[in-house]
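Here are the chains, one letter per residue:
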Amino acid sequence: MGVTLDEFTFVSNLVKKKSGIHLLQDKTYLVESRLMPLAKKFSCADVSELVQKMQSTNDEEMISVAIEAMTTNESLFFRDVKPFEQFKKVMMPRLFEKNPEQVNFKIWSAACSTGQEPYSLAMTILENAEWAHKYKFEIVASDLSSKVLEKAVSGCYSQFEVQRGVPISLLLKYFKQNGEDWHINDKVKEMVKFHKQNLIESFIGLGSFDLILCRNVLIYFETETVVKILHQFSKVLNPNGILVIGGSECITGNELYSVLENCPYAYVLDKK
């Protein structure tokens, strides 16, 4: 028997409170599939028993692990391709043009999951020798989940994961094979600093950025939460900075501009 409506409501309310992510009722199957492994881990017969334990004990470890399970999303190298072409041909050239005296550029990959996006950015930078010679880049990558960040920091990926997006030339140049796994080399890893960060909490402490990527994430939040997150981005986005959101995000250019009105070059929509 699957989870009941009351159990789904409890989990969805918990997820929204802790992460801001809004689960629609048609996502009941996700609660069942993602929490079943945790039910076994905590010696519960099924997801219903796990939910009952969370309700009765308020076990912070159990709740934290459950939230991570419900908010973990898939990622892959050079996802959707076009944003990385824009990064190389449009975004960075525009930042260079609008900030002619600037040498250090700071990039934030928000909700980076297992690290494929920031590492893809790092490889793109390294492939542009003129950039690497003339400028310095700092890539900050963050996610809510400690589990996915551990994998991201390790820089270790399976054959299946690298096959999904990494061109063979970059695979041979920036990865080293160890058995069935592929490890990103230190030159790429050193360009990326990982942090645990919840997007519904303040991220002023991360500093300011020239480019922020928050792709295919805002779709999981309600409109009110999206506006709050965009306002937060505006506080840490440098003048002439660029915000990149996913093509699946239901936000128009005018809506973005109304939130980021002090940054005239504040947005590039990563439409496919």
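Residues numbered from 1 in each chain as written. Predicted model: local features only at pLDDT ≥ 70, side-chain atom pairs only at ≥ 80, totals over all residues. Heavy atoms only, no water.

- The chain carries the name protein-glutamate O-methyltransferase in an unreviewed UniProt entry, which gives Candidatus Arcanibacter lacustris as its organism.
- Under the heading Catalytic activity (unreviewed entry), UniProt records this for the chain: "L-glutamyl-[protein] + S-adenosyl-L-methionine = [protein]-L-glutamate 5-O-methyl ester + S-adenosyl-L-homocysteine". (UniProt positions renumbered as here; feature names shortened; annotations may be inferred.)

### Re the pairing of strand β8 (residues 237-246)
And step 1. When you tally the buried positions in β8, you get nine out of 10 residues, the bulk of the element.
And step 2. As defined by bridge partners, strand β7 (residues 209-214) adjoins β8 across five bridges and the pair is classed as parallel. Bridging from a neighbouring strand, L211 pairs with I242 of β8.
And step 3. Remark: the β7/helix α12 (residues 223-236)/β8 crossover connection has right-handed handedness. (Buried < 20%, exposed > 50% of the residue type's maximum accessible area, 1.4 Å probe, protein only. Helix = DSSP H or I, 4+ residues; strand = E, 2+ residues; numbered from the N terminus. Pairing = 2+ DSSP bridges. Right-handed = clockwise from strand over helix to strand, strands pointing away.)

### Focus: the sheet that holds strand β3 (residues 156-158)
And step 1. Ordered by their spatial adjacency, three strands build an open sheet running β3-β5-β4, and the pairing between neighbours is antiparallel. Single-partner strands in this sheet number two, and they are β3 and β4 (175-178). Each neighbouring strand pair of the sheet contributes to a mean axis angle of 30°, computed without reference to strand direction. (Axes fitted to C-alpha atoms, helices over the stretch in contact; angles between N-to-C directions.)

### Here's the deal with the nonpolar core
And step 1. Core analysis: the largest hydrophobic core is formed by 45 residues, its most contacted members being L35, L50, W108 and F233.
And step 2. Residue assignment for this core shows that the elements contributing at least two residues are α1 (5-19), α2 (28-41), α3 (47-57), α4 (60-71), β7, α12 and β8.
And step 3. Among the elements that take part in this core, α4 stands out by supplying six residues, more than any other.
And step 4. Counting contributing residues, this core receives three or more from each of domain 1 (5-70) and domain 2 (81-269).
And step 5. Beyond its immediate sequence surroundings of up to four residues, L35 is in contact with V11, L30, V47, L50, A66, A69 and M70.
And step 6. Among the nonpolar cores identified, the runner-up in size contains 41 residues, and M91, L126, Y157 and V192 belong to it. (Core = buried A, V, L, I, M, F, W, Y, C linked by side-chain atoms within 4.5 Å. Domains from an automatic or database assignment. Contact = heavy atoms within 4.5 Å.)

### Observations regarding the packing of aromatic side chains
The geometry of two aromatic rings is summed up by the distance between their centres and the angle between their planes.
And step 1. A full pass over the atoms with the stated rule returns 17 aromatic pairs.
And step 2. What links up through ring pairs into an aromatic cluster is the set F87, F96, F105, W131, Y135 and F137. (Phe/Tyr/Trp six-rings, centres within 6.5 Å; stacked < 30°, edge-to-face > 60°.)

### Notes on α4
And step 1. Over its 12 residues, α4 runs 16 Å from end to end, which matches the ideal 16 Å to within 8%, given 1.5 Å per residue.
And step 2. Considered for burial, the residues of α4 that qualify are M62, I63, A66, I67, E68, A69, M70 and T71.
And step 3. Contact partners of the buried residues in α4: α1, α2, α3, α8 (146-154) and β6 (192-196).
And step 4. By the N-cap criterion, in which a side-chain oxygen at the helix start approaches the backbone nitrogen of a residue two or three places on, α4 is capped by D59, the distance to E61 being 2.9 Å. (Expected span 1.5 Å × (residues − 1). Polar contact = N/O pair within 3.5 Å; in protein donor to acceptor, adjacent residues only side chain to side chain.)

### Quick word on the environment of F87
And step 1. Checked against the element boundaries, F87 lands in helix α5 (residues 82-98).
And step 2. What F87 contacts, discounting residues up to four positions off in sequence, is M92, P93, I107, L121, T124, I125, W131 and L211.

### Comments concerning the side chain of R215
And step 1. Here R215 lies in the loop between β7 and α12.
And step 2. By relative accessible area, R215 is classed as buried at 7%.
And step 3. At a separation of 3.0 Å, a polar atom in the side chain of R215 contacts the side chain of E117.

### Overview of the pairing of strand β5 (residues 181-184)
And step 1. Only one face of β5 is covered, namely the face carrying W182 and I184; the face carrying D181 and H183 is uncovered.
And step 2. Pairing geometry for β3 and β5, over three bridges, is antiparallel. The residue bridging C156 from the neighbouring strand is H183, located in β5.
And step 3. In the sheet, β4 pairs with β5 via four bridges, with the strands oriented antiparallel. By the bridge assignment, F175 is partnered in β5 with I184.
And step 4. Two successive antiparallel strands, β4 and β5, enclose a turn made up of two residues, where G179 displays a positive phi of approximately 65°.

### A word on the side chain of E117
And step 1. By secondary structure assignment, the location of E117 is in helix α6 (residues 116-127).
And step 2. Separated by 2.6 Å, the side chains of E117 and S109 make a polar contact.
And step 3. Excluding residues within four positions of it along the chain, E117 makes contact with S75, F84, S109, L213 and R215.

### Quick word on the packing of α1 against α4
And step 1. Interhelical geometry of α1 versus α4 gives an angle of 90° and a closest axis separation of 10 Å. Comparing their axes, α4 and α1 come out roughly perpendicular. In this structure, α1 contributes V11, L14, V15, K18 and S19 to the contact, and α4 contributes E60, I63, I67, M70 and T71.
And step 2. Looking at the contact of α1 with α4, its residues break down into six nonpolar, two polar and two charged. (Parallel < 35°, antiparallel > 145°, perpendicular 65-115°, else oblique. Nonpolar A, V, L, I, M, F, W, Y, C, P; charged D, E, K, R; others polar.)

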